[in-house]
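Structural overview for review
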Amino acid sequence: MSTSVAPATPGAAGGPHVPDEPGTADSDSGRPVAVARTVTWKELATSRAALVAYAFIFPYVAFFVAFRILPALYGVLLSFGDVSLSGKFRLVGTENFARLISDDVFWHSLRVTGIYAVLAIPLSVVLSLLMAQLCNRTMRGMSFYRSLFFLPVVTSPVISGIIFVWLFSGGGPIDELLSTAGLELGSWLQNKHLVLPALALVAAWGSFGYNMLILLAGMLAIPTDYYEAAELDGAGAWHRFRYITMPLLKPALFFVLVLETVKSFQAFDMIYVMTGGGPARGSYTLTFMVFDQGFGYFEFGYASAVGVVLLVITLILSLIQRRLVGRNDT
């Protein structure tokens, strides 16, 4: 005794019904087989679900355009002009950029920013990667340790800066600890050769918790079958990390690199609190020059030109990182 099962029709399972289009005949029974119509992008974009999504994302998009995109475009416009204190705008063309080329302070700020970025970016990324690998295990109390490592991210930069000013001061805890080892370095923040390493350490301390969570999420997304197969083949912990974790962690690592690059080239609050650009302009970065020229000398057009150059440098470095780290070889 045989039973026949009716063929399923679109929409029978509760999904949206799509009108059928005439298709070809079935070779066995000779009956025509209906072919489901493909939904176009225009229909998806104007569907009810899409309209609800637009309503939810509109406030964020509006705020982003109003407080991010428009000020950035206005800053680019200011870089080609001069603005007086009364708000009168005068177009000067590329005069501000020509002035940058002959400004020794700009080149000094660019060099300081480059040195700070070279110190801060690898230190923060390596520390975040090590902490993520350390937290990527199951043990009692691991959730507490992850939350503890995230505390520097939610700590106020001003409060952190004041604390680290005391830590790096002459006669402070770090100086006393190094003195026991025979190193008399004095205040790190008053030494133009040590101020940038000190600021890089503070930056790494303040950002490794957030980067650790991003890298940890990437590690947890890697299937455990890869590690089990590699362990059965005799691969040690280092080989599993090098040939499994690192290649599959490229998207998260690329995001962290870009994030740290932008933060390093835009570092200001911690530098302002701890050093004020000193000593002897030893921590006078490009962002500090933008602040100094704009709000110290009221050269808003010239300060905007420095900001545009900083934007171009950051964009070029991000594209290079995308080329070297962010591409997917698979």
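Scope of this entry: the structure provided in the associated data block. Being a predicted model, the structure only gives us computed values, none of them experimental. (Residues numbered from 1 in each chain as written. Predicted model: local features only at pLDDT ≥ 70, side-chain atom pairs only at ≥ 80, totals over all residues. Heavy atoms only, no water.)

1. Focus on the pattern of salt bridges
Under the counting rule described, the total for this entry stands at three salt bridges. Note that Arg90 is salt-bridged to Asp82, the shortest N-O span being 3.5 Å. (Salt bridge = Lys/Arg side-chain N within 4 Å of Asp/Glu carboxyl O.)

2. Observations regarding unusual backbone geometry
Of the consecutive residues Gly278 and Pro279, the connecting peptide bond is found in the cis state with omega at -5°. Position of Pro279 relative to the elements: it lies in the loop between helix H12 (269–274) and helix H13 (286–296). With phi around 60°, Arg281 is a residue other than glycine that occupies positive phi space. In this fold, Arg281 is placed in the loop between H12 and H13. (Helix = DSSP H or I, 4+ residues; strand = E, 2+ residues; numbered from the N terminus.)

3. Considerations on helix H6 (residues 157–167)
Listed in full, the buried residues belonging to H6 are Ser160, Gly161, Phe164 and Leu167. The arc that holds every buried residue of H6, seen down its axis, measures 120°, which confines them to one face. Of the exposed residues in H6, those oriented more than 90 degrees away from the buried face are Ile162 and Trp166. In this fold, the buried residues of H6 make contact with helix H7 (173–180), helix H8 (195–220) and H12. (Buried < 20%, exposed > 50% of the residue type's maximum accessible area, 1.4 Å probe, protein only. Arc of directions from axis to C-beta. Contact = heavy atoms within 4.5 Å.)

4. Side note on the environment of Val202
Position of Val202 relative to the elements: it lies in helix H8. Between the alpha carbons of Val202 and Phe164 there is a distance of 7.5 Å; along the sequence they are 38 residues apart. When near neighbours in sequence (up to four residues on either side) are disregarded, Val202 contacts Phe164, Phe168, Met270 and Met274.

5. Digging into the side chain of Ser318
Considering the arrangement of structural elements, one finds Ser318 in helix H14 (residues 300–326). A relative accessible area of 14% means that Ser318 is categorised as buried.

In short, the description is geometric, and any link to function would need to be established separately.
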